[in-house]
Amino acid sequence: MPAKLSVNLNAIAMLRNRRDLPWPSVTGLGRLALSAGAHGLTVHPRPDERHTRHSDLPEIRALIDDEFPKAEFNIEGYPSEDFLALVERHQPEQVTLVPDDPAQATSDHGWNFATDAAFLTPIVKRLKKAGVRVSLFSDSDPDGARIARDIGADRIELYTGPYGSCHSDSAEAAKELERLGKTADAALASGLQVNAGHDLTVNNLPALAKRMPALAEVSIGHGLTADALEYGMAGTVGRFLRACGW
Ligand SMILES: CC(=O)[C@@H](O)[C@H](O)COP(=O)(O)O
Ligand SMILES: NCC(=O)COP(=O)(O)O
């Protein structure tokens, strides 16, 4: 079965947050994504709420429950006590734990499973007890993936940033892809499922999916939102022109 697509709404939320206005609507764009066939929605609410706000979460939960009951809600973030309470309140199907510092512009590395195991193990246990599937953000590191299994995770999410940043260097991209692929192989062999995300695009996704036929899910925000703007621009300019009879 091909990997499921979870649309990350953070970039939409960041655009919405430029003004004190309700558009673009995070939930509205989530509805369009699910109507178009996406399998789930992802948010990464950071402590300063500069992307998705905590107040977005009940609306997205209700959208999925009321209109798209087969879709999945994936909440990503650093497991502070506030974040864990948020997850327990909104009951996503999946939580992706990320070692983000609050000051970081975006996620740029996975967990160090060897040194973070003692911190993560009780947190993973708590989340699984709450009925939430747990995925841990992971660098390309086959040994680390095996430790993630011992920590109790259900999945790892491969951090694909280094692969995505090789968009103009196909030889480097092939090397990064193989590093990711070996990590996915080790994770699958140890019984974990594998997700992937960060800087994925229409151009770099096919090779990733081919190298990892068992990939469970990709979450995509930045590249997908950029394409939505690019491919929606002409029609939107037309609507504005027609609105005034230009
Ligand atoms: C966990 C992760 O990979 C990130 O890619 C993140 O969720 C993206 O969110 P931002 O677009 O807000 O950086
Ligand atoms: N987990 C990765 C994600 O949700 C989206 O990352 P990006 O496509 O915005 O880089």
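So, how was this worked out
Residues numbered from 1 in each chain as written. Chains lettered and ligands numbered in written order. Predicted model: local features only at pLDDT ≥ 70, side-chain atom pairs only at ≥ 80, totals over all residues. Helix = DSSP H or I, 4+ residues; strand = E, 2+ residues; numbered from the N terminus. Buried ≥ 20, exposed ≤ 12 C-beta atoms within 10 Å, placed from the backbone. Pairing = 2+ DSSP bridges. Axes fitted to C-alpha atoms, helices over the stretch in contact; angles between N-to-C directions. Contact = placed C-beta atoms within 7 Å. UniProt positions renumbered as here; feature names shortened; annotations may be inferred.

*Asks:* Tell me about unusual backbone geometry, and please be specific about residues and values.
*Replies:* Pro24 follows Trp23 through a cis peptide bond whose omega is -5 degrees. Relative to the helices and strands, Pro24 resides in the loop between helix H1 (10–16) and helix H2 (26–35). Although it is not a glycine, Glu49 sits at a positive phi angle of roughly 55 degrees. With respect to the helices, strands and loops of the structure, Glu49 is situated in the loop between strand E2 (40–43) and helix H3 (56–67). One non-glycine residue, Asp199, lies in the positive phi region at around 60 degrees. Mapped onto the elements of the fold, Asp199 is located in the loop between strand E7 (193–197) and helix H9 (205–211). Overall, the presence of 19 C-beta atoms within 10 Å leaves Asp199 in the partly exposed class.

*Asks:* Help me get a handle on the sheet that holds strand E3 (residues 72–77), residues and values and all.
*Replies:* In space, the 8 strands of this closed barrel follow the order E1-E2-E3-E4-E5-E6-E7-E8, with parallel pairing throughout. Ignoring which end each strand starts from, the neighbouring axes of this sheet average 25 degrees apart. Examined bridge by bridge, E7 and strand E8 (residues 217–220) share 3 bridges and lie parallel to one another. Along E8, the bridge assignment pairs Asn195 with Glu217. Packed onto the sheet, helix H5 (residues 113–129) meets strand E4 (94–97) and strand E5 (133–138) and runs at close to 145 degrees relative to E5. Running over the sheet, helix H8 (residues 170–189) touches E5, strand E6 (155–159) and E7 and is turned about 175 degrees from E6.

*Asks:* Report on the UniProt feature "binding site: 3-amino-2-oxopropyl phosphate" (unreviewed entry) in the chain, specifying residues and quantitative values.
*Replies:* Within the UniProt annotation, "binding site: 3-amino-2-oxopropyl phosphate" (unreviewed entry) is assigned to Asn8, Arg19, Asp199, Gly221 and His222. The annotated residues occupy 215 residues of the chain and do not converge on a single region, their most distant C-alpha atoms lying 25.9 Å apart. Leave out the neighbours within four places in its chain, and Asp199 touches Thr160, Gly161, Gly164, Ser165, His222 and Gly223. According to the C-beta neighbour criterion, His222 is partly exposed, with 17 such atoms within 10 Å. Discounting chain neighbours no more than four positions away, the residues touching His222 are Ala11 and Asp199.

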